[in-house]
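Spelled out from the first residue to the last, the chains are:
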Amino acid sequence: MQIAGLEVRQLSPFKWEIPQDESRGMRVPGIIFIDQSMLEQAIKDRAAEQVINVATLPGIVHASLAMPDIHWGYGFPIGGVAAMDAKEGVISPGGVGFDIACGIRLLRTNLSQEDVDKVKSELMQELNRNVPKGVGKSGRVKLDRSEFNKAITRGARWGIGRGYGWEEDIEFLERRGCLAGADSDAVSQHAYERGHDQIGTLGSGNHFVEIQVVEEIHDEETARACGLSPGQITVMIHSGSRGFGHQICTDYLKVMERVTARMGYRLPDRQLACAPIKSEEGIKYAGALACGVNYAVLNRQLLTHWVRESFERVFRASARKLGMNIIYDNSHNLALFEEHQINGIKKELCVHRKGATRAFGPGHPDLPENYKSIGQPIVVPGDMGTCSFLLLGTEEAMKESFGSTCHGAGRMMSRSEAKRRISGSELKSALEARGISIMADSMPGLAEEAPDAYKDVSKVVEICVGAGISRKVARMVPIGVLKG
DNA sequence: ATGTGC
């Protein structure tokens, strides 16, 4: 099999290598964790070629990596992981994506499916009323620039200080809900204007709030540590940094194009525009990026508050009594400074994860006490008609993938193709006939997110488990979906 | 993903 003229070789059942070809400017090989049929798909949509392109970037170490949910993206593939040497490497907005720190959060409850079934339509209506959502929608929290700057510097803690959530929530967020190094001066007025009244809104596209039932426990001990048992209700929240992160990305792509020209980088794709991590522009982008990350995590924190409030109203009990604790919150689109071992030597790296999830193994200092011995939880959303998973990071992920794994099912059909081929209202009826309630603002929007538009999440997860970069805890199935 | 082509 060939990718853009280069022969791929299979290293193990779920690991394929594109050997380094210096004549193509590759500084490292490409490695994709995948099976044959999904690889063929990634070659067809040209995402596999993007793995080769990323391998040409200055300072990239070990390999240009991709997860099984790989698909075509802006410059870098979605599902891509690229670690750059923090001293000599570059940072690239295309390696993060437009929706900075778009991510997912899983809440547990003490409720059973029977408890929810009795009041499901009331609960869906309450969520629909109480969770701001949709394209361009503003929320209930509007901040002046000075307060906004505090919010994007402190992240989730700003929300908790304002009564949006519980003190202990912080423990269950990556980096305790705040990325250090946020530089609000690096954020444009335009980004502020787009973002200041969108905090605490779900957005549209693939973002959702989903009510689920735990269908299967794969490992009892780790499921217990996560507070999960069969038949229990969970709530999944998927959202990002809205217009704010989008504008930061747009602003810095322009800056990076200038820097790329100035540095004389010869890149195979102009969408790979980047700047040295240590350059003035690189430092400013990293500071703005941290603001976007903090915004996204705070956004999910506010959404969590309104989800809890909705349950409180319908069940006439406090969210604490309902056991609505956060299991974990993962971000999917970011570039982070992390220390990793390369050939036995500790190195400071800037790890770009675009549509990929941090998956730290057991014992990592960033993990809360209850997960320290089992590894970092990874919430993997599937599609609205299938299922989602809770996974854990492994020691092997630390060695194989800079502590990274998949982020979801991965898109298989483009948005426009999905809209052309699938009717949103027919999809809604079909899902509701299967006991999955749908509340969606837009029917074409629903069609874009149809199960048929996505790869099989179970297959993606099996590959990650087979490659050793994750282990399975539990599988959840949807019973109610709220979308913008 | 997104004030859903600039």
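Residues numbered from 1 in each chain as written. Chains lettered and ligands numbered in written order. Predicted model: local features only at pLDDT ≥ 70, side-chain atom pairs only at ≥ 80, totals over all residues. Heavy atoms only, no water.

For chain A, an unreviewed UniProt entry supplies the name tRNA-splicing ligase RtcB and the organism Candidatus Hakubella thermalkaliphila. For the record of chain A, the UniProt heading Sequence similarities (unreviewed entry) holds the text "Belongs to the RtcB family." What the UniProt record of chain A gives under Subunit (unreviewed entry) is the line "Monomer." (UniProt positions renumbered as here; feature names shortened; annotations may be inferred.)

**Let's talk about the protein's contact with DNA strand B**
The immediate surroundings of DNA strand B are formed by 16 residues, with Val135, His190, Arg194, Asn206 and Arg415 found nearest. A breakdown of the atoms of DNA strand B within 4 Å of the protein gives sugar and phosphate a share of 56%. A distance of 3.0 Å is found between a phosphate oxygen of DNA strand B and a side-chain nitrogen or oxygen belonging to Gln198. Take Arg415: an N or O atom from its side chain is 2.6 Å from a phosphate oxygen of DNA strand B. Looking at the surface near DNA strand B, the elements that each hand over two or more residues are helix H7 (189-195) and helix H9 (242-263). Here the residues of the surface near DNA strand B are counted per class, giving two nonpolar, nine polar and five charged. (Near = heavy atom within 4 Å. Polar contact = N/O pair within 3.5 Å; in protein donor to acceptor, adjacent residues only side chain to side chain. Helix = DSSP H or I, 4+ residues; strand = E, 2+ residues; numbered from the N terminus. Nonpolar A, V, L, I, M, F, W, Y, C, P; charged D, E, K, R; others polar.)

**Description of the pairing of strand S4 (residues 15-18)**
Side chains of S4 alternate between two faces, with Lys15 and Glu17 and Trp16 and Ile18 buried alike. Bridging between strand S3 (residues 9-12) and S4 involves three bridges; their strand directions are antiparallel. Within S4, the residue paired with Ser12 across the bridge is Lys15. Connecting the antiparallel pair S3 and S4 is a turn made up of two residues. Bridge analysis of S4 against strand S5 (residues 30-33) gives four bridges, and the strand direction is antiparallel. Bridge pairing in S5 links Trp16 to Ile32. (Buried < 20%, exposed > 50% of the residue type's maximum accessible area, 1.4 Å probe, protein only. Pairing = 2+ DSSP bridges.)

**What to know about the side chain of Ser404**
As for its placement among the helices and strands, Ser404 is situated in strand S19 (residues 404-405). Judged by its relative accessible area of 0%, Ser404 falls in the buried class. Within polar-contact distance, the side chain of Ser404 engages the side chain of Arg353 at 2.8 Å.

**With respect to helix H15 (residues 457-466)**
Of all the positions in H15, only Val457, Val460, Val461, Ile463 and Cys464 are classed as buried. Each buried residue of H15 lies within a common arc of 155° when the element is viewed along its axis, so the set occupies one face. Between the side-chain oxygen at the start of H15 and the backbone nitrogen of Ser458 there is a gap of 3.0 Å, and the oxygen is on Asp456. Gly468 lies just past H15 and shows a positive phi near 90°. (Arc of directions from axis to C-beta.)

**Structural notes on the nonpolar core**
Formed by 169 residues in total, the largest nonpolar core has its most connected members in Val307 and Phe311. Examining the composition of this core, we find that 18 residues originate from one element, helix H10 (residues 280-315), more than from any other. (Core = buried A, V, L, I, M, F, W, Y, C linked by side-chain atoms within 4.5 Å.)

**With respect to empty space enclosed by the protein**
Throughout the structure, instances matching the rule amount to one cavity of 30 Å³ or more. Considered as a void within the structure, the largest cavity measures approximately 40 Å³ in volume. In this structure, the largest cavity is lined by Val51, Val54, Ser64, Leu65, Phe76, Pro77, Gly80, Val81, Ala82 and His352. Contributions of two or more residues to the lining of the largest cavity are made by helix H2 (47-54), strand S6 (64-71) and strand S7 (78-85). When residues of the lining of the largest cavity are assigned to their parent elements, the largest contribution, three residues, is made by S7. The residue makeup of the lining of the largest cavity, split by class, is seven nonpolar, three polar and no charged. (1 Å grid on protein atoms, 1.4 Å probe; cavity = no way out; pocket = protein on both sides within 12 Å on 5 of 7 lines; lining within 4 Å. Points joined across faces, edges and corners; volume = space filled by probe spheres on them.)

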